[in-house]
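# Tertiary structure, described
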Amino acid sequence: PVLNIFWTIFCAIVSVLSWILFPSVFGSGFGESYKILWILSSSSVCAFPVLMGLATLSNAHSKTTISMYASIGAALTNVLLNYTLIPKFGVLGCAWATVGSAFVHLSLFYFQLRRRTILDRSWLLMSVLASLFGSILLSVTSNIAVATAGLLCVATIIVLFHFESLDYTYKIVRGRLAAAKWPQ
């Protein structure tokens, strides 16, 4: 979850940079494309835990059916949401359908691993809320400053709520760095 919070902030920085760079590099016709990138970065935040650990964990325990069920659930969600959202919202609806399917994929992985007692209870699902909240704010207000502020506020609240996990991660990283013998 700690890495997911950092990934959320990194994706927000890239999205803000795209707001600045896309119009100057690609022309004024791409001025609104930062919204799509910001929303799709939320799907990246939802996919990150699956790609960086949950899929590997299920395969290591020979529970490969978890991947199958999660992928089927995500695919069905994506088709249903695309069918529902694209006619009303166009490309933004497609982006939101991708976010919805990525969240379903993450949730199915998480709950199946928990059900099989392979994964302990954690704040993994909570760690994606900041990115989702920022994307919702951007979709509603079309204001990147409001979306960024909302994302950072929610991320800060989540980190403060789970500060012991952040502190534990810091101690692990610091311990590994201290134990490493760097060449002189």
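A few points on the structure. (Residues numbered from 1 in each chain as written. Predicted model: local features only at pLDDT ≥ 70, side-chain atom pairs only at ≥ 80, totals over all residues. Heavy atoms only, no water.)

### Some thoughts on helix α1 (residues 2–26)
Compared with the 36 Å implied by 1.5 Å per residue over 25 residues, the 35 Å span of α1 between its first and last C-alpha is a close match. Along α1, the sharpest kink reaches roughly 35 degrees, centred on I20 and followed within four residues by the proline P23. All buried positions along α1 are accounted for by V2, N4, I5, T8, C11, A12, S15 and S18. G27 occupies a position one or two residues after α1 and carries a positive phi of about 105 degrees. (Helix = DSSP H or I, 4+ residues; strand = E, 2+ residues; numbered from the N terminus. Expected span 1.5 Å × (residues − 1). Bend = angle between axes of the 7 residues up to and from the residue. Buried < 20%, exposed > 50% of the residue type's maximum accessible area, 1.4 Å probe, protein only.)

### Concerning the packing of α1 against helix α6 (residues 144–161)
It is the contact of α1 with α6, at a shortest axis distance of 11 Å, that shows an interaxial angle of 170 degrees. By the angle between their axes, α1 is roughly antiparallel relative to α6. Residues I5, T8, I9, A12, S15, V16 and W19 of α1 form the contact with α6, whose participating residues are I144, T148, L151, L152, I158 and V159. For the contact of α1 with α6, the class distribution of residues is ten nonpolar, three polar and no charged. (Axes fitted to C-alpha atoms, helices over the stretch in contact; angles between N-to-C directions. Parallel < 35°, antiparallel > 145°, perpendicular 65-115°, else oblique. Contact = heavy atoms within 4.5 Å. Nonpolar A, V, L, I, M, F, W, Y, C, P; charged D, E, K, R; others polar.)

### Let's talk about the packing of helix α4 (residues 91–115) against helix α5 (residues 129–141)
It is the contact of α4 with α5, at a shortest axis distance of 13 Å, that shows an interaxial angle of 160 degrees. One way to sum up the angle between α4 and α5 is to call them roughly antiparallel. In the crossing of α4 with α5, the sense of the turn from one axis to the other is left-handed. Only L132, S135, I136 and S139 of α5 make contact with α4, whose side of the interface consists of W96, V99 and F103. (Left-handed = near helix turned anticlockwise from the far one by under 90°.)

### Some thoughts on the nonpolar core
Ranked by internal contacts, the top residues of the largest apolar core, which has 22 residues, are V50, L54, L106, F109, L113 and V128. When contributions to this core are tallied by element, the ones reaching two or more residues are α2 (33–60), α3 (65–89) and α4. Take this core: its biggest share by element is seven residues, from α4. Those residues in contact with L106 that sit more than four places away from it in its chain are C46, P49, V50, L54, L124, L125 and V128. Core analysis: the second largest hydrophobic core is formed by 16 residues, W123, I144, A147 and V154 among them. (Core = buried A, V, L, I, M, F, W, Y, C linked by side-chain atoms within 4.5 Å.)

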